[in-house]
There are 2 protein chains.
Amino acid sequence: MKPISDKVIGRLARYRTLLTEQVPEGRTHLFSYEIAAAMRLADSQVRRDLMAVGTRGVPQHGYEIEALKARLDDALALDRAHGVAVVGAGDLGRALIAFLEARRTTLAIRAAFDVDPAKVNRVFSGVKCHAMADLEKVVAAEGITLAILCVPAAAAQPAADALVHAGIRGVLNFAPVALRLPVQVALEELVITTYLEKLAYFTTHPAKERRNGRHDAR
Amino acid sequence: MKPISDKVIGRLARYRTLLTEQVPEGRTHLFSYEIAAAMRLADSQVRRDLMAVGTRGVPQHGYEIEALKARLDDALALDRAHGVAVVGAGDLGRALIAFLEARRTTLAIRAAFDVDPAKVNRVFSGVKCHAMADLEKVVAAEGITLAILCVPAAAAQPAADALVHAGIRGVLNFAPVALRLPVQVALEELVITTYLEKLAYFTTHPAKERRNGRHDAR
DNA sequence: TAGATTGTTAATCGATTAACAATC
DNA sequence: TAGATTGTTAATCGATTAACAATC
């Protein structure tokens, strides 16, 4: 399969969520324009995206939901397990553990890490918290490839360096810091205040000025 | 000022965070290529973005940090206060309250809401939790314009409808649901699993395939 | 069949980058 | 001054949309 752009992957993940969380009652198939309407996209874009992962629809019938879900799972590599670590077991980190463990998928949180000795060896929502010193050992032992970084800004870059050293392949960063990572390590920035600030701007300016898609992740 | 695109606003917010959180020791000015390097952008893009908000740099000296921060605050409407509500006081909602209240800015959380009677009237990190039934009253009384939506998927659309009815201007959505909102209400989708799924894909495929910016939001 | 919807190409659009004259 | 960096335009690039023949 040809390289698929970041943008397309983001939309494919959203299609998958839509199919999982919001399938209209009693439907087995969906038309491209229905998916498009739910996400405020053009129908040709939906067809084009689905084409990129080799899905086939049928004129007059649309796309079969179960087959499409299976195809998306496969394309997004969600048919295999991915080990996830949460680094920083503060309020946000613990909330993310609880939130993500509640919806068990192939993305499973296998460990938490914190510098605070009071948190080490505690178990949060079924996930054990380890000392940062044990990062490399635990990452290897648990087969962890992804990390969610929820430490304070000042601790983010050192923690990221430690993660890279431990062989992590992707980082989801919540700290308000522009991380420097080797290019081969995937990075998603998810700085909540950035999103709030965007909202503040767009609610303060006429709606007309909102030029682009409402999404991102993006 | 001309309309500024969603993409540019997102980067401006990130420049602002960089200037606030990561100013190199003892510097009063920064060059466009320094800002660009920190964010993995082209230097001409930084200059272009700053031009959009009317900032002037000086050849040989770069951009004055304090003046630039002030200009960005003004452009992003962060010089005024914005009232924020957190809807859904579960683990994630309460963590966001604690997280955002710790970094008091002009984006201040003025109220939380939940359907659970056990949570109503409790105070989380200094923020009072109200019944959903009181949404409209409290939003008006507290001058709330933005909402952070952290309710379960099934409750998201009804909650969003109630927020719109109460006159909210922008919604930051954490629920894994494609919300339908009137176009004049700004919407940012921040579905954490979507980001994790993107990471899973990019860590499973050769780094070379990563075509685009590492960010989004945005 | 006729009509609706897909798959796919071509056209458009917007965003990014390169280039360089202006400037300090 | 000379050289480095800005402001800004033009060129490139990629993403989105429109269009329509193929198809069920």
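Residues numbered from 1 in each chain as written. Chains lettered and ligands numbered in written order. Predicted model: local features only at pLDDT ≥ 70, side-chain atom pairs only at ≥ 80, totals over all residues. Heavy atoms only, no water.

### Looking at the relation of the copies chain B and chain A
At an RMSD of 0.0 Å, chain B and chain A line up after a rotation of 180° and a shift of 0.0 Å along the axis. As the rotation angle and translation indicate, the two copies are arranged about a two-fold axis. A symmetric contact is evident, with 100% of the interface residues of chain B recurring at the interface of chain A. (Least-squares fit on C-alpha atoms with pLDDT ≥ 70 in both. Contact = heavy atoms within 4.5 Å.)

### Section: the protein's contact with DNA strand C
Around DNA strand C, the surrounding shell holds 27 residues, and the nearest of these are Ser32, Arg47, Gly57, Gln60 and Tyr63 of chain A. One of the side-chain N or O atoms of serine 32 of chain A is found 2.7 Å from a phosphate oxygen in DNA strand C. The contact in question runs from a base nitrogen of DNA strand C to an N or O atom on the side chain of serine 44 of chain B, over 3.3 Å. A per-element tally of the surface near DNA strand C places helix α3 (residues 43-52) of chain B first, with four residues. Per-class residue counts for the surface near DNA strand C are nine nonpolar, 10 polar and eight charged. (Near = heavy atom within 4 Å. Polar contact = N/O pair within 3.5 Å; in protein donor to acceptor, adjacent residues only side chain to side chain. Helix = DSSP H or I, 4+ residues; strand = E, 2+ residues; numbered from the N terminus. Nonpolar A, V, L, I, M, F, W, Y, C, P; charged D, E, K, R; others polar.)

### Things to note about the pattern of salt bridges
When charged atoms on two side chains of opposite charge get close, those side chains can pair. This model, assessed by the stated rule, comprises 28 salt bridges over all chains. Its salt-bridge partner being lysine 198 of chain B, residue aspartate 6 of chain A comes within 3.0 Å of it at the nearest N-O pair. Here aspartate 6 of chain A is found in helix α1 (residues 6-21), whereas its partner lysine 198 of chain B is found in helix α8 (residues 192-204) on a different chain. The residues aspartate 6 of chain A and lysine 198 of chain B share a single accessibility class, namely buried. One salt bridge in this structure joins arginine 71 of chain A and aspartate 74 of chain A, with 3.0 Å as the shortest N-O distance. (Salt bridge = Lys/Arg side-chain N within 4 Å of Asp/Glu carboxyl O. Buried < 20%, exposed > 50% of the residue type's maximum accessible area, 1.4 Å probe, protein only.)

### A look at the protein's contact with DNA strand D
What surrounds DNA strand D is a group of 27 residues, the closest being Ser32, Arg47, Gly57, Gln60 and Tyr63 of chain B. In the environment of DNA strand D, a base nitrogen lies 3.3 Å from a nitrogen or oxygen atom belonging to the side chain of serine 44 of chain A. Take arginine 47 of chain A: an N or O atom from its side chain is 3.4 Å from a base nitrogen of DNA strand D. At the level of elements, α1 and α3 (43-52) of chain A together with α2 (32-39) and α3 of chain B are the ones that each hand at least two residues to the surface near DNA strand D. Sort the elements by how many residues they give to the surface near DNA strand D and α3 of chain A lands first, with four residues. Its residues placed into classes, the surface near DNA strand D shows nine nonpolar, 10 polar and eight charged.

### Quick notes on unusual backbone geometry
A negative phi angle is the norm for most residues apart from glycine, just as the trans form is the norm for most peptide bonds. Residue serine 125 of chain A is not a glycine yet carries a positive backbone phi of 50°. A positive phi angle, close to 55°, is found at arginine 40 of chain B, a residue other than glycine. Relative to the helices and strands, arginine 40 of chain B resides in the loop between α2 and α3. Look at arginine 40 of chain B and you get partly exposed, because its relative accessible area is 32%.

### A few points about helix α6 (residues 135-142) of chain A
Think of an α-helix as turning once every 3.6 residues; residues three or four places apart then point the same way. All names here are of chain A. Within α6, burial applies to Leu135, Val138 and Val139. Within α6, the buried residues cover an arc of 100° as seen down the axis, which keeps them to one side. Exposed and oriented more than 90 degrees from the buried face of α6 are Lys137, Ala140 and Ala141. Against β4 (107-114), β6 (127-131), β7 (144-149) and α7 (153-165) lie the buried residues of α6. Looking one or two residues past α6, glycine 143 carries a phi angle of roughly 65°, positive in sign. (Arc of directions from axis to C-beta.)

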